[in-house]
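The lines below spell out each chain.
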Amino acid sequence: MDVRTCLKSLLLAIQQYRDNKSTQSTSQLQKQVEELSELKCKRLLSSGQVLPSECVSGLVEVAGDPNCSPALTGTIISLLGQLACDDESRLMLHSSYNLTSSLSSIIHCHSATPTQPLVLQCLQLLQKLTYNTRIFHSTNYIHELIAFLMTNIQSCNDDIILPCLGLMANLCRYNPSIQNQIKSLDNVKQFYRTLLNFLDHKRLTVVVFTLSILGSLTLNEKVGEKLFDAKNIHQTFQLVFNIIINGDGTLTRKYAVDLLVDLLKNPKIADYLTRYEHFTACVSQVLGLLHGKDPDSAAKVLELLLAVCSVSGLRSLLCEVMFKPVGPKLRAASRRQGVGPDTGQKAEPGLALVQWLSSPAEGAESCRLQALQLLNELLEEALEAESVPACVLSFVEMLVPVVLGLLKLGVDSSQGDVHLRKFCTLFSHVNDLLLVLCDEDSTRCLVAHQLSAPLCLSLVESLLSCSQNSSPFTGPPPGTGDDLSQVCAKAILKTLELMSKLKQHVKDMETSFYKILQDQRMVTPLSLALTSNYRERVQCGLSLLFEATPLPDFPLLVLGESMAANNAYCQRDAEGSMKRVAVQDVSPLWTNNSLSDSPKNSNKTVNSLIERIQNGMELQDDVHVSQIIDVYEEKLSSMASKESRLQDLLEAKAMALSQADRLIAQYRFQRAQAEAEARKLGGLLKDAERGREDLQAALAAQVVDVERSKADMKDLLQHNSRLQRDSQELQALKGAYSTLLTRFNDSECRLKELQAAHISLTKQNDTLRKNHETLRKQHDKTVSALEDRQKNIEFLQSDLQQRDGDIAGLKQELQAEEDRGKEKESEKRELEETVDVLRKELNKTEQARKDASIRASSLELQKSQVEVKLKQKEDELNKHSTMIAMIHSLSSGKAKQDDVNLSL
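(A) Examining the overall build of the protein more closely. Helix and strand counts for the protein come out as 38 helices and 0 strands. Out of the 904 residues in the protein, the part that is buried amounts to 39%. A sequence separation of at least 24 residues applies to 73% of the contacts in the protein between residues at least 6 apart. Total accessible area on the protein stands at roughly 51800 Å², and carbon and sulfur atoms take up 54% of it.

(B) Fine view of the side chain of Thr75. Relative to the helices and strands, Thr75 is located in helix H4 (residues 70–83). A polar contact is formed between the side chain of Thr75 and the side chain of Gln30, at a distance of 3.4 Å. One polar contact links the side chain of Thr75 to the main-chain carbonyl oxygen of Ala71, over a distance of 2.9 Å. Ignoring sequence-local partners within four residues, the contact set of Thr75 consists of Gln30, Val33 and Glu34.

(C) The arrangement of the packing of helix H8 (residues 142–153) against helix H10 (residues 176–183) in detail. Axis separation between H8 and H10 bottoms out at 11 Å; the angle between their running directions is 55°. Taken as axis vectors, H8 and H10 run oblique relative to one another. As for how H8 packs across H10, the hand of that crossing is right-handed. Counting all contacts with H8, which are made through Ile142, His143, Ile146 and Met150, the residues of H10 involved are Ile178, Gln181 and Ile182.

(D) Spotlight on the confidence of the model for the protein. With 82% of its residues at a pLDDT of 70 or more, the protein shows a mean pLDDT of 80. pLDDT under 50 marks residues 471–481. Its contacts with residues more than four places away, or in other chains, come to 32 contacts. Taken together, the stretch residues 894–904 has pLDDT below 50 and engages in 7 contacts with residues farther than four places along the chain or on a different chain.

(E) The arrangement of the pattern of salt bridges in detail. Within the structure shown, the criterion is met by 22 salt bridges. Among the salt bridges present, the one from Arg690 reaches Asp687, with a minimum N-O distance of 2.9 Å. Here the residue Arg690 and the residue Asp687 both occupy positions in helix H35 (residues 652–806), the gap between them amounting to 3 residues, near one helical turn. By relative accessible area, which is 46% here, Asp687 ends up partly exposed. Residue Arg849 pairs with Glu846 through a salt bridge whose shortest N-O separation is 2.6 Å. Highlighted residues: Arg849 and Glu846, both in helix H37 (residues 838–892), separated by 3 residues, approximately one helical turn. Given the relative accessible area of 30%, Arg849 is considered partly exposed. Judged by relative accessible area, which is 17%, Glu846 ranks as buried.

(F) Just the environment of Leu559, in detail. As for its position among the elements, Leu559 is in helix H31 (residues 556–574). When the C-alpha positions of Leu559 and Val523 are compared, they lie 5.3 Å apart, and in sequence the two are 36 residues distant.

(G) Quick look at the packing of aromatic side chains. Per the stated rule, a full pass over the model turns up 6 aromatic pairs. Seen in terms of ring centroids, Phe209 and Tyr255 are 4.7 Å apart; in terms of plane orientation they differ by 80°. Their pairing is edge-to-face. Of this pair, Phe209 sits in helix H12 (residues 204–218) while Tyr255 sits in helix H15 (residues 250–264), and the two are 46 residues apart along the sequence. Here Tyr255 falls in the buried class, since its relative accessible area comes to 4%. Put simply, the rings of Tyr131, Phe209 and Tyr255 touch in pairs and so form one group of aromatic residues. Above the face of the Tyr131 ring, Lys254 is positioned so that its terminal group lies 5.0 Å from the ring centre.

(H) Examining a nonpolar patch on the surface more closely. There is a patch of nonpolar side chains on the surface, built from Met713, Leu716 and Leu717 and spanning about 320 Å² of accessible area. Met713 gets classed as partly exposed once you look at its relative accessible area, which sits at 46%.

(I) Representation of the packing of helix H27 (residues 484–502) against helix H29 (residues 523–530). In contact at an axis separation of 9 Å, H27 and H29 are set at 100° when each is read in the N-to-C sense. One element, H27, and the other, H29, form an angle in the roughly perpendicular class. Here Ser485, Gln486, Ala489, Ile492 and Leu493 of H27 come into contact with H29, specifically with Pro525, Leu526, Leu528 and Ala529. Per-class residue counts for the contact of H27 with H29 are 7 nonpolar, 2 polar and no charged.

(J) Geometry of unusual backbone geometry. Located in the positive-phi region is Asn132, a residue other than glycine, with phi close to 60°. With respect to the element layout, Asn132 can be found in the loop between helix H7 (117–129) and H8. If you check the backbone angles, Tyr174 has positive phi at about 55° while not being a glycine. Summarising the element assignment, Tyr174 is placed in the loop between helix H9 (158–172) and H10.

(K) Seen up close, the environment of Leu464. Of note, Leu464 is situated in helix H26 (residues 453–469). Under the relative-accessibility criterion, Leu464 is labelled buried at 0%. Put simply, Leu464 and Met522 are 58 residues apart on the chain and 7.7 Å apart in space, counted from C-alpha to C-alpha. Ignoring sequence-local partners within four residues, the contact set of Leu464 consists of Ile492, Ile516, Asp519, Arg521, Met522 and Pro525.

(L) Representation of helix H22 (residues 365–382) in the model. The terminal C-alpha atoms of H22, which comprises 18 residues, lie 26 Å apart, in line with the 26 Å expected from a rise of 1.5 Å per residue. Inspection of H22 places Cys367, Arg368, Gln370, Ala371, Leu372, Leu374, Leu375, Asn376, Leu378, Leu379 and Ala382 among the buried residues, and these make up the whole buried set. Packed against the buried residues of H22 are helix H18 (295–309), helix H19 (312–323), helix H21 (349–357), helix H23 (390–407) and helix H24 (417–437).

(M) Structural context of the nonpolar core. Membership of the largest hydrophobic core comes to 202 residues, with the highest contact counts inside it found for Leu29, Phe191, Leu290 and Leu379. Leaving out residues up to four positions away in the same chain, Leu29 has contacts with Leu10, Ala13, Ile14, Tyr17, Leu59, Val62 and Leu72.

(N) H9, seen in detail. With 15 residues, H9 should reach 21 Å at 1.5 Å per residue; the first-to-last C-alpha distance of 21 Å fits that figure. Among the 15 residues in H9, 13 count as buried, and that is most of the element. Remark: Tyr174 follows H9 within two positions and exhibits a positive phi of approximately 55°.

(O) View of the state of the cysteines. Inspection of the entire model under this criterion finds 0 disulfides. The cysteine Cys456 is free of any disulfide, with Cys438 supplying the nearest cysteine sulfur at 9.7 Å.

Rules and cut-offs
Residues numbered from 1 in each chain as written. Predicted model: local features only at pLDDT ≥ 70, side-chain atom pairs only at ≥ 80, totals over all residues. Heavy atoms only, no water. Helix = DSSP H or I, 4+ residues; strand = E, 2+ residues; numbered from the N terminus. Buried < 20%, exposed > 50% of the residue type's maximum accessible area, 1.4 Å probe, protein only. Contact = heavy atoms within 4.5 Å. Areas by Shrake-Rupley, 256 points an atom, 1.4 Å probe, with all protein chains shown as cover. Polar contact = N/O pair within 3.5 Å; in protein donor to acceptor, adjacent residues only side chain to side chain. Axes fitted to C-alpha atoms, helices over the stretch in contact; angles between N-to-C directions. Parallel < 35°, antiparallel > 145°, perpendicular 65-115°, else oblique. Left-handed = near helix turned anticlockwise from the far one by under 90°. pLDDT = per-residue confidence, 0-100. Salt bridge = Lys/Arg side-chain N within 4 Å of Asp/Glu carboxyl O. Phe/Tyr/Trp six-rings, centres within 6.5 Å; stacked < 30°, edge-to-face > 60°. Lys NZ or Arg CZ within 6 Å of the ring centre and 35° of its normal. Patch = residues over 30% accessible without salt bridge, like charges linked within 9 Å, V, L, I, M, F, W, Y side chains within 5 Å. Nonpolar A, V, L, I, M, F, W, Y, C, P; charged D, E, K, R; others polar. Expected span 1.5 Å × (residues − 1). Core = buried A, V, L, I, M, F, W, Y, C linked by side-chain atoms within 4.5 Å. Disulfide = S-S within 2.5 Å.

Here is the structure:
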């Protein structure tokens, strides 16, 4: 089943459910929602079609119904979570379909059971919808949602704490009204204590969410000053960098980057980061994340690096880290063809940026723009030095072909205005980078060597043709700074500025530059630039106008009329013209809620309606023919407003002349006013002179009084000095008395302590003397016992020597016994020297003697056994010798038998 058929069936099931909320209609609707979920339709809402919008509007209405079954609500929320796959769809679900309020009401209805899967589903989808989105304080059920989050964050259920913390972090970020509401609650101090306890949590995601909430709520308060002060901020930096580098996933890294970006907006914390000693190492590891293939992670890393570049003290450090490792490897890489995310040295962060410039990965457009902005900032910093380092030049040599390759992609007007807008934005960033490179001679030569005049000329002509053919209903109105004509004009002017800087360095560039300046189509971008609200565009337009004015075919008069028309149009738009408001307020989508607020989809809406009617699809009750007529009437009114704008172009000169007359009359009136004010000021001056004379006389009298007061003051000062000297002497005497008193008290305490110590030492001396006499008696007894033991040992030694002589076959074992005897002699000498441990050693010696006697008896037994074995062996040898003799006698005679016996 295709998507369109599935949407039609889903819309029919929604209508049947609205008419009759029975079990059958509920199951049928749930089945249709599950079938659409299985198709996994991406960017369905951003397609601008009516049918998906009607289906989503109906599903949101059904899910927000309190009487809807939880199973059906969960299935619908799962489908809506799949549809919120990109930023545009998330914004539409939040603003156009009011999904945030519906999900908040569901959570409020099931707040009694927060661990229910439906509540967790709603929290996860709300966290996705509210990321980087401003939530108004007046949104339905927002107060109940905040109360629910604070209650469950302080609970003990880990399953509900994580999504609640993430959603609370989204609500508090950049939202003063929500922050003030939380701070005004009674239990906010307990809430702060709970958050501070979460800082020691084992999950890094919980820590990041907690720090984000605390940063939003307390950064400019006393709690935040203590949490992010100079003592703790370095630990916070290390923690956030570790989470970015080793985070649990893309979500954790995303919130960690947002936290660090928010902290850098505080000047004090940014200054702390400039003095952070591990900043270079941390940034090097963060740059290593650019070598991955995930566009979301790379986009957040680039966002962090751009925020770092906004701090002047950090931009130079980042520049050193970025370009330091770049060397011969990059010069070799510049000669390769097709730089991609998988090529090059992964240890070089500069090469990773260049790889994202030409990355074919899906969703890498934002990474490409961020990489261009980052390179713009870093190269601007690097090229401001007096001498450009060789590593930077080698990097630029590798970078220029890749950047020019983006320009060679070209623009295809057949793909629509969205593609044209993206290309113009990319083109402007590329030109900004090339303009930075052209500010320095060495890098300008590298750009001029590879850039050609025909390429620039073809790009400008294609942009001019596309801007002339673009639809007036595809973007915001002119003059807002975001419409397609402004974007195209910016890209064109940036290209012309680049051509102006390279006109003397590239062949045929000067001719192409002056040729394109004289094109009649250049009037629109120049007039938009000169009447713009942006200073940079006005300066660029003035510089190009200075170049173009001397040219013979430059349409100067047409440019003046166009500028006057733009000024008149902007003035009339500011005054609130009803026709202009009618064009801006066209709402192309038909839903039950207030849907898309941009008129860029009106053409798509009308086309989808025509297609719907041609296909024979029945109009539902909520879509009437009158609504189609209203859209066509709005279309006609917008065409009428365009005709009125052309009429304004014709009336611009008359308005300018009338304005000049008004200025002359205003000048005359102001001159008369100035003369009257001058006469009035003259009278005031005379009055001021009279007052000055009176004040001067009063001042003289006060001077006399001051002199008298000075004389009295001197006398008082002398008397005061005498009193101070007496007071100082008194203080010195008091200090000496207190010192002597303390010394006397200390001496008395020491005397008492020494007397007590003398008494205790006397008692110890008597005790030691008695112990000494007792030990002397024990020593005498031990010496006599030692002599007896010595005699026994000598007797044992002689006995052992006799037994060693008898056992000749066991010399090795007897040698070991002799060594043991020597060890016993050494032990004996040690026993003589150490009297205090003699009793224990004698016991050991007695035991060793007993062991020796036992070994001796065992040796005698072994000797007898060996003698028996020797006799047996001798008998066997005799038998063998007789046998051998008999054998030899039989073989070689009696003489040989004698030889054999001798040999044996």
